[in-house]
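# Report on the structure
Listed below, chain by chain, are the residues.
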Protein chains: 2
Amino acid sequence: MIKISIIGSGNVAEHLIKAFAKSEKAEIVQVFSRKKESLTHLIDSDKIVTDFSVLKEADLYIISISDNAISEVSGRLPFQNKLVVHTSGTTSVKALDSKNRKGVFYPLQTFSKAKTLDFSVIPICLEAENEADYNTLETVAKSISNVVFPISSEQRKALHVSAVFVNNFTNHLYQIGQKICKEHNVPFEILKPLIFETAEKIKTLTPVEAQTGPAKRNDSATIQAHLNYLTDENQKNIYKLLTQSIQNNGKTL
Amino acid sequence: MIKISIIGSGNVAEHLIKAFAKSEKAEIVQVFSRKKESLTHLIDSDKIVTDFSVLKEADLYIISISDNAISEVSGRLPFQNKLVVHTSGTTSVKALDSKNRKGVFYPLQTFSKAKTLDFSVIPICLEAENEADYNTLETVAKSISNVVFPISSEQRKALHVSAVFVNNFTNHLYQIGQKICKEHNVPFEILKPLIFETAEKIKTLTPVEAQTGPAKRNDSATIQAHLNYLTDENQKNIYKLLTQSIQNNGKTL
């Protein structure tokens, strides 16, 4: 078994602890958390440490904390020449302290503590400095997921920005849809099948092929009617900008 | 059996023809199409007519054509005091010619000819001028879908604008995500599980609860890094506007 220590107790750390509990190739030997009680529902309390100095020998240390703390925490680890990775989409592998062998173990998914996930379908993006370390990461990743990719720090930047568009911004559009429904006494439930089908469609069509609606059809009467209907300036601005963007794409694609 | 005539041969008309083929309460007696050959793969060719004057007696006429043609076509129907409905999200029930009894039969979904759909989960929004006509529409709608709602023309406007946000604009965000991936040699496939989970999440969480990401966290370092990373002005503008909108929502909700 590959021995893993997790440094952190946030959403991603929690989901990793749950996923590795079922792994047949890797086991968690310790978890570092500033507050011991925040993880006792997930792992034996004698495996939880609150002091870096008692971190034991492991084959892999996974730092899963806020992006801006990765550099400092990696510098405080009391050992060297070990394999140390972070789980961040935005942070370069170089942010890790050079006293250890560096890498990235980035599961690309939206994690909420309140929502359980099937880890086996979550893509894990890996980066390492040498082949042996990559192989270790790959064995560990494949023991919890069926979708594992080598992704450089440069590629990871593109992925993370794209993820903001397809996840954060998309979810915000759901929120605007819900707000408009609420203001006009329409149950938001009616829109949910449309939301699921919008995502489902790109299993078989490209987003360009799947595009429909007044902007795509250049249906200026409907676009104007919608703009007249919206009273919120912010919603109007988003409507205009995205409509324009769809129309311009049509010209260049 | 309730006898239905469909006027039109577009995406929605095609999906309705397929759905009613399995209905136990309603049957299609005729379909009007400008080109006979466009529907022969779906229905007996002797049921397809290309001339309004040969439209037979039916209990319900469903006009499923471009929004801007609804008014004119409803005026050309060679009968009166029949139940005539349209399938448009944006058009008022009043657009239909007053010589017949008016109504709306609006299936709220994104229809592509290339993609098959399970009609039973598609919400159908109904409107009629009197109870008897509403009951007819309800019987017909419930024979193909489990999700049927009475929705006024006013409410339908709100639904349609919301649908543009959660479907058209969301799909466009997928397209931007795909473009960014392509430009940086990252397979868009990696993002698909994230896209599906983004939609799945709102089965159990509200969009406000499901919101994550740098805008929600007010992580200005990541936001700035993303804006520096994007080279396309249009993508930068969308990123800024939606980030701002998420941040402002956080203040007001």
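Looking at an unreviewed UniProt entry, one finds chain A named Rossmann-like and DUF2520 domain-containing protein and attributed to Flavobacterium calami.

## Comments concerning the relation of the copies chain A and chain B
Overlaying chain A on chain B yields an RMSD of 0.1 Å, the required transformation being a rotation through 180° with an accompanying axial translation of 0.0 Å. In short, the pair behaves as if placed about a two-fold rotation axis. Among all residues of chain A, the minimum C-alpha distance to the rotation axis is found for Thr170 of chain A, at 2.7 Å. Of the interface residues in chain A, 100% have counterparts in chain B that sit at the interface too, so the contact is made through matching surfaces.

## Some thoughts on the interface of chain A and chain B
Listed per partner, the contact involves 87 residues of chain A and 87 residues of chain B. A per-residue breakdown of the area chain A buries against chain B is headed by Phe165, Val166 and Ile190 of chain A, which together make up 8% of the total. The interface formed by chain A and chain B includes zero salt bridges. The interface formed by chain A and chain B includes 30 residue pairs in polar contact (both at pLDDT 80 or more). If you list the elements that add at least two residues to the side of chain A that touches chain B, you get α4 (153–183), α5 (192–201), α6 (207–210), α8 (220–229) and α9 (233–252) of chain A. If one sorts the elements of the side of chain A that touches chain B by residue count, α4 of chain A sits on top with 27 residues.

## Regarding the domain arrangement of chain A
All names here are of chain A. Domains assigned within chain A are domain 1 (2–151) and domain 2 (156–252). For domain 1 versus domain 2, the separation of C-alpha centres amounts to 36 Å. Contacts between the two partners involve 14 residues from domain 1 and, on the opposite side, five residues from domain 2. Buried surface at the junction of domain 1 and domain 2, both sides included, amounts to about 710 Å², of which 62% is carbon and sulfur. The interface formed by domain 1 and domain 2 contains one salt bridge. In this structure, Arg156 and Glu127 form a salt bridge, with 3.1 Å as the shortest nitrogen-oxygen distance.

## A few points about the environment of Val147 of chain A
All names here are of chain A. Inspection of the secondary structure puts Val147 in the loop between α3 (131–142) and β8 (148–150). Taking the relative accessible area as the measure of exposure, Val147 reaches 24% and is therefore partly exposed. Each C-alpha atom of the pair Val147 and Ser220 lies 43 Å from the other, and the pair is 73 residues apart in sequence. Residues in contact with Val147, not counting those within four places in the same chain, are Ser120, Val121, Ile122, Pro123 and Ile124.

## Looking at the nonpolar core
Grouped together as the largest cluster of nonpolar side chains are 104 residues, with contacts concentrated most on Phe165 of chain A together with Phe165 of chain B. Phe165 of chain A has contacts with Thr170 of chain A together with Leu173, Ile176, Ile180, Leu230, Gln235, Ile238 and Tyr239 of chain B, leaving out every residue within four places of it along the chain.

## Structural notes on the state of the cysteines
Scanning the model with the defined rule gives zero disulfides over all chains in all. Its sulfur unpaired, Cys125 of chain A is 9.9 Å from the next cysteine sulfur, which belongs to Cys181 of chain B.

## Some details on the pairing of strand β5 (residues 83–86) of chain B
Sheet faces and side chains relate simply in a regular strand, where the side chains alternate between the two faces. Residues and elements named next belong to chain B. Along β5, one buried face is formed by Leu83 and Val85 and the opposite face, lined by Val84 and His86, is buried too. Here strand β4 (residues 60–63) pairs with β5 via three bridges, running parallel. Counted as the bridge partner of Ile63 is His86 from β5. After leaving β4, the chain enters helix α2 (residues 70–76) and then returns to the sheet as β5, a path that is right-handed.

## Overview of the UniProt feature "domain: Pyrroline-5-carboxylate reductase catalytic N-terminal" (unreviewed entry) in chain A
Residues annotated by UniProt as "domain: Pyrroline-5-carboxylate reductase catalytic N-terminal" (unreviewed entry) correspond here to residues 3–87 of chain A. Structurally, residues 3–87 of chain A is divided into 20% helix and 26% strand, and its ends, taken at the C-alpha atoms, are 17 Å apart.

## Some remarks on the packing of aromatic side chains
For the structure shown, the criterion picks out twelve aromatic pairs over all chains. Relative to Phe105 of chain A, the ring of Phe20 of chain A lies with its centre 6.4 Å away and its plane at 40°, an arrangement referred to as tilted. Taken together, the residues span a long stretch of sequence, with Phe20 of chain A in helix α1 (residues 11–20) and Phe105 of chain A in strand β6 (residues 101–107) at a distance of 85 residues. Phe20 of chain A gets classed as buried once you look at its relative accessible area, which sits at 3%. Looking at Phe105 of chain A, the relative accessible area reads 0%, which means it is buried. Ring plane angle 75° and centroid distance 5.2 Å describe the contact between Tyr239 of chain A and Phe169 of chain B, whose orientation is recorded as edge-to-face. Of this pair, Tyr239 of chain A sits in helix α9 while Phe169 of chain B sits in helix α4 (residues 153–183), placing the two residues on different chains.

Calculation criteria
- Residues numbered from 1 in each chain as written.
- Chains lettered and ligands numbered in written order.
- Predicted model: local features only at pLDDT ≥ 70, side-chain atom pairs only at ≥ 80, totals over all residues.
- Heavy atoms only, no water.
- Least-squares fit on C-alpha atoms with pLDDT ≥ 70 in both.
- Contact = heavy atoms within 4.5 Å.
- Buried area = accessible area lost by both parts, 1.4 Å probe.
- Salt bridge = Lys/Arg side-chain N within 4 Å of Asp/Glu carboxyl O.
- Polar contact = N/O pair within 3.5 Å; in protein donor to acceptor, adjacent residues only side chain to side chain.
- Helix = DSSP H or I, 4+ residues; strand = E, 2+ residues; numbered from the N terminus.
- Domains from an automatic or database assignment.
- Buried < 20%, exposed > 50% of the residue type's maximum accessible area, 1.4 Å probe, protein only.
- Core = buried A, V, L, I, M, F, W, Y, C linked by side-chain atoms within 4.5 Å.
- Disulfide = S-S within 2.5 Å.
- Pairing = 2+ DSSP bridges.
- Right-handed = clockwise from strand over helix to strand, strands pointing away.
- UniProt positions renumbered as here; feature names shortened; annotations may be inferred.
- Phe/Tyr/Trp six-rings, centres within 6.5 Å; stacked < 30°, edge-to-face > 60°.

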